[in-house]
Amino acid sequence: MSEERVLILETWRDIERCDGDADSLLAVEKKMPRRLKKRRMIVGDDGEELGWEEYYDYKFPDDQQTLANLKILEMAQKWKMGNANIEGK
């Protein structure tokens, strides 16, 4: 899914370069992800380690903000459960 998202953003950026203004181009470029090179172990069907595989992953600025919001919601839920336990006693 990340690859499709990158393709959409790249196409949008190309359109803004041709027909858009500087502000709209800047807005699209702020949404562009960082490309990260990662490695993972390849395991065969029999469970034997076959070696390492390098792949590219993308880190989107919007995803980082979403993770922070989810952490806040998780903390609020824990607080609510703690208060419910106190009131139940």
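Look a little higher up for the structure.
Conventions used here
Residues numbered from 1 in each chain as written. Predicted model: local features only at pLDDT ≥ 70, side-chain atom pairs only at ≥ 80, totals over all residues. Heavy atoms only, no water. Pairing = 2+ DSSP bridges. Helix = DSSP H or I, 4+ residues; strand = E, 2+ residues; numbered from the N terminus. Buried < 20%, exposed > 50% of the residue type's maximum accessible area, 1.4 Å probe, protein only. Lys, Arg positive; Asp, Glu negative; His and termini not counted. Salt bridge = Lys/Arg side-chain N within 4 Å of Asp/Glu carboxyl O. Contact = heavy atoms within 4.5 Å. Phe/Tyr/Trp six-rings, centres within 6.5 Å; stacked < 30°, edge-to-face > 60°. Lys NZ or Arg CZ within 6 Å of the ring centre and 35° of its normal. Expected span 1.5 Å × (residues − 1). Arc of directions from axis to C-beta.

(A) Just the pairing of strand β2 (residues 49-59), in detail. By the bridge criterion, 10 bridges tie strand β1 (residues 34-43) to β2 in an arrangement that is antiparallel. Paired with Lys 38 across the bridge in β2 is Tyr 55. Remark: 5 residues form the turn of the hairpin made by β1 and β2, two consecutive strands paired antiparallel; Gly 47 in that turn has positive phi of roughly 90°.

(B) Representation of the side chain of Glu 16 in the model. Positionally, Glu 16 belongs in helix α1 (residues 2-19). Arg 17 provides the closest opposite charge to the buried, unpaired Glu 16, separated from it by 10 Å. Setting aside anything within four residues of it in sequence, one finds Glu 16 in contact with Asp 21, Ser 24, Leu 25 and Val 28.

(C) How the structure looks around the packing of aromatic side chains. All chains considered together, the criterion is met by 0 aromatic pairs. Positioned over the ring face of Trp 52 is Arg 39, at 4.7 Å from the centre of the ring. The ring of Tyr 55 is capped by Arg 40, whose NZ or CZ atom sits 3.8 Å from the centre of that ring.

(D) Examining α1 more closely. When the terminal C-alpha atoms of α1 are compared, their 26 Å separation across 18 residues agrees well with the 26 Å that a helix rising 1.5 Å per residue should span. Listed in full, the buried residues belonging to α1 are Val 6, Leu 9, Arg 13 and Glu 16. The arc that holds the buried residues of α1, viewed along the axis, is 90°, so those residues lie on one side. The exposed set on the far side of α1, more than 90 degrees from its buried face, consists of Leu 7, Ile 8, Cys 18 and Asp 19. Contacts made by the buried residues of α1 are with α2 (22-31) and β2.

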